[in-house]
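Here is what each chain is made of, one letter per residue.
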Amino acid sequence: GGTLLVAYIAINIIQRVAKKALDRVDFNPDLEYLAYRAVAWVAWFFVIVWLVGNLGQQEVFATLIAGGTLAGLAVALAVKDSLADVVGGVMLLQDKHFDLGDRIKVGSVEGEIIEVDLRKTRIRLHDGSIQVLSNAKIDKGGWTLLPRQRQRERLFTKLTKKAKKVVPIGKK
């Protein structure tokens, strides 16, 4: 009885720490709640496995370990693409040449970066529509940084202001 009480208190403390950590990160509230609950389920699983192991129930212990392993594998396979997007998002967010307002080309998609989060990047195309691409696709497939429209306009304006007279080549 005392072990379960200690486990209950410890799991509540772990959940509070996880909640504070999740509150610092800008995640979807549904994902935050899911992660918060997952911490409790995983912690309780370890408590039960520990208790069964201490009670000498080796068959039950082996079944719990096998079931936990299969559940972990299923979850890992289910979140594989999402995890690749998050890793790609972190890499893109840290890249100094990948910022809001930059113009990029990814495959056949070309436009201005208007939003980057951990999983997706939104690009405004020339016609005003918005294309949403997974960060993993951008990171793996590569992208081309294009000159910003405003930079090209400023450069053109400077060149035309500096050119006072057009002189054909070969004549002085």
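Residues numbered from 1 in each chain as written. Predicted model: local features only at pLDDT ≥ 70, side-chain atom pairs only at ≥ 80, totals over all residues. Heavy atoms only, no water.

S.K.: I'd like to hear about the confidence of the model for the protein chain, residue by residue, with values.
M.R.: Here the protein chain averages 78 in pLDDT, and 83% of its residues register 70 or above. Ignoring residues within four places in sequence, the model shows residues 152–156, a span with pLDDT below 50, making two contacts including any to other chains. Note on residues 163–168: pLDDT under 50 across the span, and zero contacts to partners over four residues away in sequence or across chains. (pLDDT = per-residue confidence, 0-100. Contact = heavy atoms within 4.5 Å.)

S.K.: With reference to specific residues and values, describe helix H4 (residues 80–94).
M.R.: Residues three or four positions apart in an α-helix share a direction because the helix packs 3.6 residues into each turn. Its 15 residues place the ends of H4 21 Å apart at the C-alpha level, agreeing with the 21 Å of an ideal helix rising 1.5 Å per residue. Within the sequence span of H4, burial applies to Asp85, Gly88, Gly89 and Leu92. Looking straight down H4, one finds that the buried residues subtend no more than 105° of arc, so they occupy a single side. Exposed positions of H4 whose direction lies more than 90 degrees from the buried face are Lys80, Leu83 and Gln94. Elements that come into contact with the buried residues of H4 comprise strand S3 (120–125), strand S4 (130–134) and helix H5 (135–141). (Helix = DSSP H or I, 4+ residues; strand = E, 2+ residues; numbered from the N terminus. Expected span 1.5 Å × (residues − 1). Buried < 20%, exposed > 50% of the residue type's maximum accessible area, 1.4 Å probe, protein only. Arc of directions from axis to C-beta.)

S.K.: Explain helix H1 (residues 2–24) to me, using residue names and the numbers behind them.
M.R.: The terminal C-alpha atoms of H1, which comprises 23 residues, lie 34 Å apart, in line with the 33 Å expected from a rise of 1.5 Å per residue. For H1, the set of buried residues is Ala7, Ile11, Gln15, Ala18 and Leu22.

S.K.: Residues and numbers for the pattern of salt bridges, please.
M.R.: Going through the model one piece at a time under the given rule, you end up with four salt bridges. For the salt bridge of Arg103 with Glu110, the shortest nitrogen-to-oxygen distance reads 3.1 Å. A salt bridge links Arg122 to Asp117; the nearest nitrogen and oxygen atoms lie 3.5 Å apart. Taking relative accessible area as the criterion, Arg122 reaches 24% and is therefore assigned partly exposed. When its relative accessible area of 28% is taken as the criterion, Asp117 is described as partly exposed. (Salt bridge = Lys/Arg side-chain N within 4 Å of Asp/Glu carboxyl O.)

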